[in-house]
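Each chain, letter by letter, is given below.
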Amino acid sequence: MIPVREALEQIRAATVGLTERAQFMEVCGTHTAAFFRSGLRGLLPLNVRLLSGPGCPVCVTPVGFVDQAVALAQQKQAIITTFGDMLRVPGSDVSLEQARATGAAVRMVYSPEDALALAEKTPAREVVFLGVGFETTAPGVAWTIKEARRKNVRNFSVLCAHKTMPQAMRALLVAGDVRIHGFICPGHVSVITGAGLFSFIPKEYKIPCVVSGFEAGDLAAAVAMLLRQRNEGRAELEIQYRRCVYMEGSAPALALLDEVFEPADVAWRGLGVIPGSGLALRAEFAAWDAERKFPGLTLPAPREPAGCRCGDVLRGVCLPPDCPLFRRRCSPTTPVGSCMVSSEGACAAWFKYGGTMDGVEDNMRNPSAGG
Amino acid sequence: MCLAIPARIVEVDGAVALVELDGIRRKINVAMVPDAVAGDYVLVHAGFAIEKWTAAQAEETYALLREMQGNPDGVTPAPETRRGA
Amino acid sequence: MSDDVILLGHGGGGELTRRLVAEVLAPPLANPVLAQMDDAAEVDLDGARLALTTDSFVVDPLFFPGGSIGTLAVCGTVNDLAMQGAEPKYLTLGMILEEGFPVADLRRIVADLAAAAKRAGVLVAAGDTKVVERGKGGGVYLNTAGIGVRLPGVSTHVRNAQPGDAVILSGTLGDHGIAVISQRQGLSFETTLETDAAPLWELVRPLLERFPKDIHVLRDPTRGGLTAALCDVTTAAGCGIRLHEKDIPIRPAVRGACGLLGLDPLTVANEGKAIVICAEAVAADVLALLRDHPLGRDAVRIGTVTDKHPGLLILETGIGGERILLPPAGEDLPRIC
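Residues numbered from 1 in each chain as written. Chains lettered and ligands numbered in written order. Predicted model: local features only at pLDDT ≥ 70, side-chain atom pairs only at ≥ 80, totals over all residues.

Next up on the list: the domain arrangement of chain C. Residues and elements named next belong to chain C. Under the domain assignment used here, chain C contains domain 1 (31-150) and domain 2 (158-325). With centres defined by C-alpha atoms, the gap from domain 1 to domain 2 works out at 23 Å. Taken together, the contacts link 22 residues of domain 1 with 21 residues of domain 2. The set of elements that each furnish at least two residues to the side of domain 1 that touches domain 2 consists of α2 (69-82), β5 (86-98) and α3 (103-120). When residues of the side of domain 1 that touches domain 2 are assigned to their parent elements, the largest contribution, 8 residues, is made by α2. In terms of residue class, the side of domain 1 that touches domain 2 is built from 13 nonpolar, 6 polar and 3 charged. (Domains from an automatic or database assignment. Contact = placed C-beta atoms within 7 Å. Helix = DSSP H or I, 4+ residues; strand = E, 2+ residues; numbered from the N terminus. Nonpolar A, V, L, I, M, F, W, Y, C, P; charged D, E, K, R; others polar.)

Spelled out as structure tokens, the structure:
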């Protein structure tokens, strides 16, 4: 561990004389939020630019998923249980929060186990848990589904939108519409999967990768490591987050994932359908799969909000202030796109921590001078 | 995407463990860290321990957190006494 | 209002609440007293300088470590008066009870209410009880209205903040909000944290008596926490405020719970803390006076009012970076991802 100040010195030294601005993508939304919240983002030299990637699970969940959840609550009288972030994501017609205001049963939970406990307590009602999140979150959901089977809880099911990280990163690289000089790879996904999951990036695409922790000191060190690789002409997979990430992942967690889920082709907001990038419940768990259990829901035609550039933001093609709706029609109070809803969404982070109306980027770096 | 925090295990009962973090306690699931015992540190995400930590690894995170709070030496800015009222 | 039904967030004290008031509630009722739009209204009757306020309480759960809805119903209202520089005198109490609610629980709530009223030095002067059908209320809802007498020569409106003023906080942040959340279904965790709910008049009275002109703003950071309260100041006064993260007192248990649930301690509610904005010249004396009182033992200066970035509340982070604090949009949702 090195102090932030020292890491920043290394970063400054490494960027002196850079001829081209270094563009790094922090893939994970928790990293995005930490960069802003700690003030680290504004302390980086101007020739280091951070792009936010597709690693905010709420942000990449397509609008149709919210519609399905709302329909389950309204048409099947199910109790919808969810992590807080999903509540305000706009659906084609309404968000879960708005549905709750007109009578839908929507409860916030801290853990999928809490949702199962609720199902056991209310045997007369179906309890649906919204399975959103990446490899970090999915094993806990897998365990809960197995537990529901073991206890034979029949009024519990999961509406599954779990996704996996590497295929999305590959899709970004294949599309090639944004220049990325390095990836800050998600630390807690790597705890589960092992850092080795990302080794294809330096190998096939010659782009440096550093798996980072989540405190300001971790992230500053990770940026310094990426710059060092760049200056030395290396493209390797390095681990900054050594205190809990190894090349191999967690065997029990991976076994749970494999037992309960199978890879599926799923849609990502902004990226479209990516083959093998999602997790679907295996057939033997069909009784706990809300999608199979409740076919024939009446759903509105999925309608992405007009003018919203969430998709481009998620691919790193543009920054939130480049979107015409940002700070105008779209704010955390009246979010238009999902990136403005999640506290980890790039738009919400820019809005909350980013700066004033004009000249956002420069203001953000030095708000007191902006006035 | 993945908020996770280190906590110390107080007691384990099968897949359930009571963990403590800065004086708050909560039951979490430890099925993914089957060899965890009381006194171990674990990384907790959404009610599940996803990895076991040594005390030294956990201390590194705590030190980084203190640095972020502008308090690298770990001196608590306010007295930690309970109000009597 | 673009949204045509009420959402829970409209009661969260953030941007949604502000818009509900500004667009739906205030226009038909407009008058010069209401236009003050402060925690309590200043009214003068036959030469008496009064402050008047009302507050409703719908907290879930009704009981939490260190208090209950009864404690809050007194503290919330008398503190609105105290922050207006007024000595709380009388309260009215309106109760909406749900059919089937245990009388034993009601007794506990009223006992808490009586104890808090005694501590605050106010009399409950009138009351009203209504009962609604089972399923139509959350057990007990309370409303209290309060009346107080303003100290002469004192003005503590948020617009009074001036560049150069010191920003002082009377104690640790987030204790109340986290104590309540710890008991909430689905999130429950064990903690030794208790609500900080307390009447604040005796804490701020000595400041106002000694420095009637130099105490520029008093505010209690309730819903929306420190961030919402200070954003009100920067907006109303048209100046900026700069806070130092490392000076803001937060108990480890609050920090831990916020880490667990993904909450920002600066937006979590408090019920027994005061923000004092005063002239720099008296800042040291104000701090000393606050620390003399048991409720102000942990008082600390957390920032300064500035003319450099008008309208903006800026936090200097622990690592020396900066972050702009905006008022929370609505109820703060625990998050996991």
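There is more to say after this.
Residue and element names in this part refer to chain C. Taken across its 11 residues, strand β7 (residues 140-150) has 8 buried, putting it largely inside the fold. Two strands pair when backbone bridges link them, and β5 and β7 are joined in this way by 11 bridges, in the antiparallel orientation. The residue bridging glutamate 87 from the neighbouring strand is valine 149, located in β7. (Buried ≥ 20, exposed ≤ 12 C-beta atoms within 10 Å, placed from the backbone. Pairing = 2+ DSSP bridges.)

Residues and elements named next belong to chain A. If you walk across this open sheet you meet the 5 strands as β2-β1-β7-β8-β9, and the pairing is parallel. Looking at strand neighbours, the two that pair on one side only are β2 (48-55) and β9 (237-239), the edges of this open sheet. Averaged over neighbouring strand pairs, the angle between their axes works out to 25° when direction is ignored. With 3 bridges connecting them, strand β7 (residues 182-185) and strand β8 (residues 209-211) associate as parallel partners. Opposite cysteine 185, over in β8, you have valine 211 as the bridge partner. (Axes fitted to C-alpha atoms, helices over the stretch in contact; angles between N-to-C directions.)

Here we take up α2(C). With 14 residues, α2(C) extends 20 Å between its outermost C-alpha atoms, agreeing within 8% with the 20 Å of an ideal straight helix rising 1.5 Å per residue. In terms of burial, α2(C) is largely enclosed, as 14 of its 14 residues are buried. (Expected span 1.5 Å × (residues − 1).)

Right, let's get into the packing of helix α5 (residues 201-210) of chain C against helix α8 (residues 283-292) of chain C. Residues and elements named next belong to chain C. Two elements in contact, α5 and α8, have axes whose closest approach is 9 Å; the angle formed by their N-to-C orientations is 150°. Handedness of the α5/α8 crossing: right-handed. Within the contact between the two elements, α5 uses Leu203, Pro206, Leu207 and Arg210 and α8 uses Val286, Leu289 and Leu290. Per-class residue counts for the contact of α5 with α8 are 6 nonpolar, no polar and 1 charged. (Left-handed = near helix turned anticlockwise from the far one by under 90°.)

Residues and elements named next belong to chain C. Inspection of α5 places Trp201, Leu203, Val204, Leu207 and Leu208 among the buried residues, and these make up the whole buried set. All buried residues of α5 lie within an arc of 150° about the axis, which places them on one face of the element. In this fold, the buried residues of α5 make contact with α2, β5, α3, β10 (215-219), β12 (275-278) and α8. (Arc of directions from axis to C-beta.)

All right, on to the interface of chain B and chain A then. At the interface, 24 residues of chain B touch 37 residues of chain A. Sorting the residues of the side of chain B that touches chain A by element identifies β4 (41-45), β5 (48-53) and α1 (55-68) of chain B as the ones contributing at least two each. Here the side of chain B that touches chain A gets 8 residues from one element, more than from any other, and that element is α1(B). Partitioned by chemical class, the residues of the side of chain B that touches chain A number 16 nonpolar, 5 polar and 3 charged.

Proteins that are soluble and globular tend to have nonpolar side chains buried together. Grouped together as the largest cluster of nonpolar side chains are 258 residues, with contacts concentrated most on Ile80(A), Ala220(A), Val223(A), Val42(B) and Ala49(B). Residue contributions to this core peak at 10 residues, all from helix α12 (residues 216-231) of chain A. Those residues in contact with Ile80(A), other than ones at most four positions away along the chain, are Ala69(A), Leu72(A), Ala73(A), Leu96(A), Ala104(A), Ala105(A), Val106(A), Val128(A) and Leu130(A). (Core = buried A, V, L, I, M, F, W, Y, C linked by C-beta atoms within 7 Å.)

All right, on to the domain arrangement of chain A then. All names here are of chain A. Looking at chain A, the domain boundaries give domain 1 (1-306) and domain 2 (310-354). Between domain 1 and domain 2, the C-alpha centre-to-centre distance is 17 Å. Secondary-structure elements contributing two or more residues to the side of domain 1 that touches domain 2 are α2 (29-37), β2, α4 (57-60) and α9 (165-175). By residue number, the principal contributor to the side of domain 1 that touches domain 2 is α2, which donates 6 residues. The residue inventory of the side of domain 1 that touches domain 2, partitioned by class, reads 17 nonpolar, 7 polar and 5 charged.

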